[in-house]
Amino acid sequence: MKCLVAVKRVIDFNVKVRVKSDGTGVETVNVKMSMNPFDEIAIEEAVRQKEAGFISEVIAISIGTLESTEILRAALARGADRAILVEDDATRESINIAKILSCIAKREEPTFIILGKQAIDNDCNQTGQMLAGLLGWSQGTFASKIVIQPKEKTVLVTREVDGGLETLSLKMPVVLTTDLRLNEPRYMTLPNIMKAKQKPIQKITLQELGVDCKQHLKVLQVESPEIRRVGKEINSVSELVDKLKNEAHVL
Amino acid sequence: MERNNILVLAEHDNLELKAATGKTVSAARQLPGEITLLIVGSPAATVLQAASRLPGVRQIWLDDSSCYQDFLAENVATLVAELGKDFAYILAPASTHGKNILPRVAALLGVAQISEVIKIISPNTYQRPTYAGNVLETVQSVDPIQVLTVRTTAFSAFPLSATEVAIEKIAKPFDLKLSQRVSQETPRRERPELTSARIVVSGGRGLQSKEKFKLIEEIADQLGAAIGASRAAVDAGFISNEYQVGQTGKVVAPELYLAVGISGAIQHVAGMKDSKIIVAINCDPNAPIFEIADYRFVGDLFQILPALQQELAIRLDKA
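Residues numbered from 1 in each chain as written. Chains lettered and ligands numbered in written order. Predicted model: local features only at pLDDT ≥ 70, side-chain atom pairs only at ≥ 80, totals over all residues. Heavy atoms only, no water.

Visitor: Got a minute to help me understand the pairing of strand β9 (residues 146-150) of chain B in this structure?
Guide: Looking along a regular strand, one sees side chains alternate from face to face of the sheet. All names here are of chain B. Counting buried positions along β9 gives five out of five residues, so the element sits mostly inside the fold. Neither face of β9 is exposed, since Gln146, Leu148 and Val150 on one face and Val147 and Thr149 on the opposite face are all buried. Bridge analysis of strand β4 (residues 89-93) against β9 gives five bridges, and the strand direction is parallel. Considered in β9, the bridge of isoleucine 90 is made with valine 147. When strand β5 (residues 113-117) meets β9, the two strands line up parallel, connected through three bridges. Its bridge partner being in β9, glutamine 113 is matched across the sheet by valine 147. (Buried < 20%, exposed > 50% of the residue type's maximum accessible area, 1.4 Å probe, protein only. Helix = DSSP H or I, 4+ residues; strand = E, 2+ residues; numbered from the N terminus. Pairing = 2+ DSSP bridges.)

Visitor: What is the right way to read the environment of Pro192(B) from this model?
Guide: Residue and element names in this part refer to chain B. Among the structural elements, proline 192 can be located in the loop between β11 (179-185) and β12 (199-203). The exposure class of proline 192 is partly exposed, given its relative accessible area of 33%. In sequence terms proline 192 and glycine 224 are 32 residues apart; their C-alpha atoms lie 7.4 Å from each other. Setting aside residues up to four positions removed in sequence, proline 192 forms contacts with Ala197, Gly224, Ala225 and Ala226. (Contact = heavy atoms within 4.5 Å.)

Visitor: Any chance you could explain the packing of aromatic side chains here in plain terms?
Guide: For any pair of aromatic rings, the description consists of the separation of the ring centres together with the inter-plane angle of the planes. All names here are of chain B. If you walk through the whole model with that rule in mind, you get two aromatic pairs over all chains. With a centroid separation of 5.9 Å and an interplanar angle of 80°, the aromatic rings of tryptophan 61 and phenylalanine 87 are classed as edge-to-face. Linking tryptophan 61 in strand β3 (residues 57-63) with phenylalanine 87 in the loop between α3 (73-84) and β4, this pair joins segments that are 26 residues apart in sequence. One exposure class covers both tryptophan 61 and phenylalanine 87, and it is buried. Positioned over the ring face of phenylalanine 158 is arginine 29, at 4.3 Å from the centre of the ring. Directly above the aromatic system of phenylalanine 302 lies the positively charged group of lysine 212, at a separation of 5.2 Å from the ring centroid. (Phe/Tyr/Trp six-rings, centres within 6.5 Å; stacked < 30°, edge-to-face > 60°. Lys NZ or Arg CZ within 6 Å of the ring centre and 35° of its normal.)

Visitor: Explain the interface of chain A and chain B here, please?
Guide: You'll often see interface size given as the accessible area lost when the parts meet. Chain A puts 76 residues into the contact, and the matching count from chain B is 85 residues. Connecting chain A to chain B are seven salt bridges. A salt bridge links Asp143(B) to Lys214(A); the shortest N-O distance between them is 3.8 Å. Summed over the shared surface of chain A and chain B, the result is 49 residue pairs in polar contact (both at pLDDT 80 or more). Contributions of two or more residues to the side of chain A that touches chain B are made by α4 (127-135), β7 (138-149), β8 (154-161), β9 (164-171), β12 (217-223), β13 (232-234) and α7 (237-247) of chain A. Ranked by residues supplied to the side of chain A that touches chain B, first place goes to α7(A) with nine residues. Looking at side-chain class alone, the side of chain A that touches chain B contains 34 nonpolar, 22 polar and 20 charged residues. Judged from the three bridges that link them, β13(A) and strand β16 (residues 295-298) of chain B form a sheet pairing that is parallel. (Salt bridge = Lys/Arg side-chain N within 4 Å of Asp/Glu carboxyl O. Polar contact = N/O pair within 3.5 Å; in protein donor to acceptor, adjacent residues only side chain to side chain. Nonpolar A, V, L, I, M, F, W, Y, C, P; charged D, E, K, R; others polar.)

Visitor: In this structure, what is going on with the packing of α4(A) against helix α4 (residues 96-109) of chain B? I would like to understand it.
Guide: In a pair of packed helices, the angle between the axes and the distance between the axes together describe the arrangement. One can describe the packing of α4(A) onto α4(B) by two numbers: an axis separation of 7 Å at closest approach and a directional angle of 45°. Relative to α4(B), α4(A) is oriented oblique. Considering how the two elements wind past one another, α4(A) and α4(B) form a crossing that is right-handed. Contacts between α4(A) and α4(B) involve Gln129(A), Met130(A), Ala132(A), Gly133(A) and Leu134(A) from the former and Lys99(B), Asn100(B), Pro103(B), Arg104(B), Ala106(B), Ala107(B) and Leu108(B) from the latter. A per-class count over the contact of α4(A) with α4(B) returns seven nonpolar, three polar and two charged. (Axes fitted to C-alpha atoms, helices over the stretch in contact; angles between N-to-C directions. Parallel < 35°, antiparallel > 145°, perpendicular 65-115°, else oblique. Left-handed = near helix turned anticlockwise from the far one by under 90°.)

Visitor: It is not clear to me how the pairing of β8(A) should be interpreted in this structure. Could you clarify?
Guide: Residues and elements named next belong to chain A. Among the eight residues in β8, seven count as buried, and that is most of the element. In the sheet, β7 pairs with β8 via six bridges, with the strands oriented antiparallel. The residue of β8 that forms the bridge with isoleucine 148 is valine 155. What sits between the antiparallel neighbours β7 and β8 is a turn of four residues, in which lysine 153 has the positive phi angle 55°. Sheet topology note: the β8/β9 ladder contains eight bridges and is antiparallel. Looking at β9, one finds that valine 155 is bridged to leucine 170. Where β8 hands over to β9, the hairpin turn is made up of two residues, counted between the paired strands.

Visitor: For this particular structure, what's the right way to read the domain arrangement of chain B?
Guide: All names here are of chain B. Entries for chain B in the domain assignment read domain 1 (6-169) and domain 2 (194-318). Each partner contributes residues to the interface: domain 1 has seven residues there, and domain 2 has nine residues. Both sides of the domain 1 and domain 2 interface together cover about 670 Å² of buried area, and 56% of this is carbon and sulfur. By the criterion of area lost to domain 2, the three top residues of domain 1 are Ala132, Arg151 and Thr153, representing 65% of everything that side buries. Joining domain 1 to domain 2, the criterion identifies zero salt bridges. Counting across the domain 1 and domain 2 interface gives one residue pair in polar contact (both at pLDDT 80 or more). For the side of domain 1 that touches domain 2, a count of residues per class yields two nonpolar, three polar and two charged. (Domains from an automatic or database assignment. Buried area = accessible area lost by both parts, 1.4 Å probe.)

Structure representation (structure tokens):
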């Protein structure tokens, strides 16, 4: 049973993002890029399930420019068996990413597709759900625990939801998206980084896949939010309660 | 039929209609067209009554087919897409429920979905936060059906109206049999709901342990507040996941947000920076939380919280 894992190259989560002065986007020149943290969790989960004998092959896939190869190498160093890069230099909406992934899924016929629940750049939280919808598969989003039941051909997924937790039983094949507490990704070791260089990365173009990526949304403006004014220093609890009552009027 | 109306997916837990529904209807009222509210599941009479009094709702559809009982995404999304194809807009709150369903709906309809809308600029142009709220993006949609999740803290609900809208029962059971709910852990709480509370008292890693986190609960109870937590506190097991505030947890914007022992990582700030008044209590004067706090209290929270409890006991009593 194969597992496809989608990974995205994003601005590193430690970088303070800056909006370009012309308001067309954010500054990416000389900015550290990394794998989306939720996707690291997705790769880790696939590799752990493989180590436990539930998955036969882990295939990492990314959609982007040649620079996304570095993210795929990182996925391979974390234990993915091979990788696919869909070469594309446009910024795509989630619906188009989901379309591309569904094409790859039809070619590779995986039993599991794992994605991060959201990318920390656009914060959309859509691709997994859309992919499941396009494929007509079951979906387990915001997963904090995944138990594969090969005999029953089901997956038990514990989901982090607003009210607490819920556990679903999903029919295979499934699309799963990862939440933060699913696992803690391992560090890449030097031997594994070296080994990853030998693993194959297949490159495919959108033309080869025959996906029509129609644009649905136009970004008109990108800006920074208003900055809050600098606050006041408080030195005692009575002063705090005083301010909250008589100045802020919130008590 | 010409598409010019709005379908809003109601959020409830069968026992009560969530405040997020009213706020989503408020957002919908800024769009052209009449609003139809769709309720699925097996809602109690209280849910239906609250829904029927939401101002601006023109009609209500209820589908209580058993396949929608557990709000399974595969079934509910199929229903919403089927009904939604005759509408110009489909809206739901950007809750874990709405986020689970609406992208699937959009995919079934072959359109984009716009997440966490905070401002409706024109009938096809919306503002939404990206990069954990550090960047705001204005997008224009060219889709014939616009599917939006709404960040409910950005919209206020209108008071309930005196008249009730009739509820029309529909029965379109799309039972895909792809999934089923096995169990759920939804602890009943006596405190206000985190996302709609007037005051939130939130604790972070600085609380040190599950036992000491009780200090947060005591202050919250004195203030009639909801409890929140940083990711660090949840990861450390001080409190369960449904209390997490942040980029990937809940987004809150109460009148008063009391951040105790929270350093203020970008991910946490993303979930609370639109609060009206922010108080930060932290022993580290360089903690980033102080950059956005209206009142900055540098000190040992284990001394400050008990003193605050006493002070509140006296002062709130007098008021």
